[in-house]
Structure formats: C-alpha cells, structure tokens
Amino acid sequence: FKLFWNVGKEVQWLNEMAEKGWQLQSFRYGVYTFKFEDATNYQYQTEYIDFLKTKDEREEYLNFLQQAGVELVYKTSMYCYFRKVNEGKAFELHTSTESKLNQYKSHVKLLKRVLIPALLVSGAVQFIPVTGHIADFFKGVFVGISTGIAILTIIVMLLMLKLKRENKLFEI
C-alpha cells in the first residue's frame with residue numbers, strides 16, 4: 001500500500017521498481033500490483049487526461065501514444081499509467097511549456113472538485129452540536145484533509161504561474 005501526493009515521486013518510484021524488474025500491472029486504492037519481468041525494462045509516466053473533453057478525443061490521444069510506442073498499462077477514471085520500453089532517453093509525455101501548463105490545469109480542476117466538497121463538509125462539521133472525543137477527532141480529520149487539499153491546490157497553482165512565466169520568456 002502506497003499513496004503519493006507528488007506525481008513526480010510516484011513516477012520516480014515506478015521507474016525504480018522497473019529497473020529492479022518489477023513492472024506495474026495495475027493500481028487501485030493505493031495498492032500497486034507488479035509482475036516480475038527481468039527481460040524488459042520500462043519507463044513509466046502518469047497523466048490525468050481530463051483536458052480531453054470527449055471520449056473520441058481521449059481515444060484519439062491514446063491511439064496517438066500507442067503509435068509512438070507508449071503502452072497504456074492501467075486507467076482509473078481519467079488517471080492513466082503509461083509505459084514505454086527504456087531506450088536510454090527520458091520518457092516525457094509533455095515536453096513543451098504549454099503542454100505542461102495544460103497538465104497542471106487538469107490537476108487544479110481535479111483538486112477543486114475535491115477541495116470544495118471537503119471544505120463544505122469540514123465547515124458543516126464544525127457546527128454539528130456533538131461533543132466528545134470521537135466527534136472532536138472527526139472534526140479534526142475533516143479540517144486536516146481540507147487544509148491538505150487546499151495546500152496542494154496552492155502548490156499546483158504556483159507551479160502553473162512559474163510555467164506561465166517561463167512561457168512568456170519563450171514568446172519574446
């Protein structure tokens with residue numbers, strides 16, 4: 001069981017596992033399933049494909065990646081795990097600043113979908129007239145989760161601002 005808040009760290013860990021021969025098969029609720037394949041060394045990448053609005057756009061994008069030698073390993077809702085045979089070069093799905101910026105925007109959308117309900121629930125919990133250790137514990141949990149999600153949203157937005165500045169430098 002393993003959860004990552006940092007996508008880069010998740011990809012790094014998946015690539016470290018692949019170097020040892022453990023290839024990702026699936027992911028569900030923090031549980032990664034691997035298969036040992038000593039002969040093939042893959043590189044992994046993840047992507048939240050919410051930026052593709054229609055099912056046809058998503059299928060076209062996935063077909064494009066497949067033609068480029070990228071294999072879809074596992075997909076949960078809109079989050080995908082990809083791999084490509086390690087050719088000694090870095091495996092990146094997003095190489096342009098604009099492409100990276102769009103990816104961060106997708107992450108912000110996802111965080112907002114989680115942040116707003118979490119803030120509403122944590123705010124509502126504060127007004128529930130229940131006392132005691134268990135009630136206080138759950139109030140603290142909701143506030144902690146909401147605060148964590150809010151911090152993640154701010155971090156992603158700051159990364160987006162940084163990329164926007166870099167993009168302006170390239171446009172001059």
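Residues numbered from 1 in each chain as written. Predicted model: local features only at pLDDT ≥ 70, side-chain atom pairs only at ≥ 80, totals over all residues. Heavy atoms only, no water.

1. Notes on the environment of Ala68
Position of Ala68 among the secondary structure elements: in the loop between α2 (55-67) and β4 (71-76). By relative accessible area, Ala68 is classed as partly exposed at 39%. Sequence-wise, Ala68 and Lys84 are 16 residues apart; in three dimensions their C-alpha atoms are separated by 9.1 Å. (Helix = DSSP H or I, 4+ residues; strand = E, 2+ residues; numbered from the N terminus. Buried < 20%, exposed > 50% of the residue type's maximum accessible area, 1.4 Å probe, protein only.)

2. Topic: the pattern of salt bridges
This model, assessed by the stated rule, comprises one salt bridge. Here Glu71 ties to Arg83 by a salt bridge, and the two come within 3.0 Å at their closest N and O atoms. Placement of the pair is Glu71 in strand β4 and Arg83 in strand β5 (residues 79-85), with a sequence separation of twelve residues. Judged by its relative accessible area of 33%, Glu71 is partly exposed. (Salt bridge = Lys/Arg side-chain N within 4 Å of Asp/Glu carboxyl O.)

3. Digging into the nonpolar core
Counting 25 residues, the largest nonpolar core has Leu14, Leu24, Tyr32, Phe34, Tyr44, Tyr81 and Phe82 as the members making the most contacts within it. Of all elements in the fold, only α1 (7-19), β1 (22-28), β2 (31-36), β3 (42-48), α2, β4 and β5 reach the threshold of two or more residues within this core. In contact with Leu24, other than residues within four places in its own chain, are Leu14, Tyr32, Thr33, Phe34, Tyr44, Val73, Tyr81 and Arg83. (Core = buried A, V, L, I, M, F, W, Y, C linked by side-chain atoms within 4.5 Å. Contact = heavy atoms within 4.5 Å.)

4. Overview of the side chain of Glu47
Topologically, Glu47 is positioned in strand β3. Here Glu47 occupies a buried position and makes no salt bridge, while the nearest side chain of opposite charge, Arg58, is found at 11 Å. (Lys, Arg positive; Asp, Glu negative; His and termini not counted.)

5. Observations regarding a negative patch on the surface
On the surface, Asp56, Glu57, Glu59 and Glu60 cluster together to form a negatively charged patch. Tracing the sequence through the fold places Glu59 in helix α2. (Patch = residues over 30% accessible without salt bridge, like charges linked within 9 Å, V, L, I, M, F, W, Y side chains within 5 Å. Areas by Shrake-Rupley, 256 points an atom, 1.4 Å probe, with all protein chains shown as cover. Charge placed at Lys NZ, Arg CZ, Asp CG, Glu CD.)

6. Remarks on the sheet that holds β3
Spatially, the three strands line up as an open sheet ordered β3-β5-β4, and their pairing is antiparallel. At either margin of the open sheet sits one strand with a lone partner, and together these are β3 and β4. For this sheet, the mean angle separating the axes of adjacent strands, direction not counted, is 20°. Sheet topology places β4 next to β5; five bridges connect them, and they run antiparallel. Paired with Glu71 across the two strands is Arg83, which belongs to β5. (Pairing = 2+ DSSP bridges. Axes fitted to C-alpha atoms, helices over the stretch in contact; angles between N-to-C directions.)

7. Quick word on the environment of Gly88
For Gly88, the position within the fold is in the loop between β5 and α3 (97-126). Through-space distance from the C-alpha of Gly88 to that of Gln43 is 9.4 Å; in sequence the pair is 45 residues apart.

8. Let's talk about α1
In an α-helix, one turn spans 3.6 residues; hence positions three or four apart end up facing the same way. Here α1 spans 18 Å end to end across 13 residues, near enough to the 18 Å set by a 1.5 Å rise per residue. Those residues of α1 that sit buried are Glu10, Val11, Trp13, Leu14, Asn15, Met17 and Ala18. Packing partners of the buried residues in α1 comprise β1, β2, β3 and β5. Gly21, located one to two residues past α1, shows a positive phi value of around 100°. (Expected span 1.5 Å × (residues − 1).)

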